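Architecture at a glance
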Amino acid sequence: MNQQTNPASLPDKSTPLRALCIARHAFLSAHLARYFAQMGVVTRDAVGLEEAVSTAIAMSPDVVICDYDLLATIPLESWEGNELL
């Protein structure tokens, strides 16, 4: 299958991808941030949902990378109710 992309819709290569890395523990969120930073992604790490929200407001991430254990331990309504996340 050959797919073509409109050049106008391609991301600007001069602007790196910004990712917010969230986990239940500081060690894991920092590890995720370092891992993706090695790939050229601009990262910030956050521990828990409350810190993630304030960090996301400050950095406006393009993507959110979240540890599954965090998602499995909180009700999804917490995430669904926040338009930023």
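Refer to the structure above for everything that follows.
Residues numbered from 1 in each chain as written. Predicted model: local features only at pLDDT ≥ 70, side-chain atom pairs only at ≥ 80, totals over all residues. Heavy atoms only, no water.

Considering the pattern of salt bridges
Two side chains bearing opposite charge may form a pair once their charged atoms approach each other closely. For the coordinates displayed, the defined rule picks out 1 salt bridge. A salt bridge links Arg18 to Asp62, with the nearest nitrogen and oxygen atoms 3.4 Å apart. With Arg18 in strand β1 (residues 18-23) and Asp62 in the loop between α2 (48-59) and β3 (63-66), this pair connects stretches of sequence that are 44 residues apart. Note on Asp62: relative accessible area 42%, which makes it partly exposed. (Salt bridge = Lys/Arg side-chain N within 4 Å of Asp/Glu carboxyl O. Helix = DSSP H or I, 4+ residues; strand = E, 2+ residues; numbered from the N terminus. Buried < 20%, exposed > 50% of the residue type's maximum accessible area, 1.4 Å probe, protein only.)

Quick look at the state of the cysteines
Using the criterion set out here, one finds 0 disulfides in the structure. Counting only cysteine sulfurs, Cys66 is the nearest neighbor of Cys21, a cysteine outside any disulfide, at a range of 9.7 Å. When its relative accessible area of 23% is taken as the criterion, Cys66 is described as partly exposed. (Disulfide = S-S within 2.5 Å.)

Focus: the pairing of strand β2 (residues 42-47)
Of the strand pairs in this sheet, β1 and β2 are connected by 6 bridges, and their pairing is parallel. From the neighbouring strand, Ala23 faces β2, where its bridge partner is Val47. Note that the unit made of β1, helix α1 (residues 26-37) and β2 has a crossover that is right-handed. (Pairing = 2+ DSSP bridges. Right-handed = clockwise from strand over helix to strand, strands pointing away.)

Quick notes on α1
In this model, α1 (12 residues) spans 16 Å end to end at C-alpha, consistent with the 16 Å of a helix rising 1.5 Å per residue. Buried within α1 we find Ser29, Leu32 and Ala33. Burial along α1 is one-sided: seen end-on, the buried residues are contained in an arc of 95°. The inward-facing, buried residues of α1 abut β1 and β2. (Expected span 1.5 Å × (residues − 1). Arc of directions from axis to C-beta. Contact = heavy atoms within 4.5 Å.)

So, the sheet that holds β2
Strand order across the open sheet formed by 3 strands is β2-β1-β3, with parallel pairing between neighbours. In this open sheet, the two edge strands, each paired with only one partner strand, are β2 and β3. Averaged over all neighbouring strand pairs, the angle between strand axes comes to 25°, with direction disregarded. Pairing between β1 and β3: 4 bridges, direction parallel. (Axes fitted to C-alpha atoms, helices over the stretch in contact; angles between N-to-C directions.)

Honestly, it's all geometry; don't read function into it.
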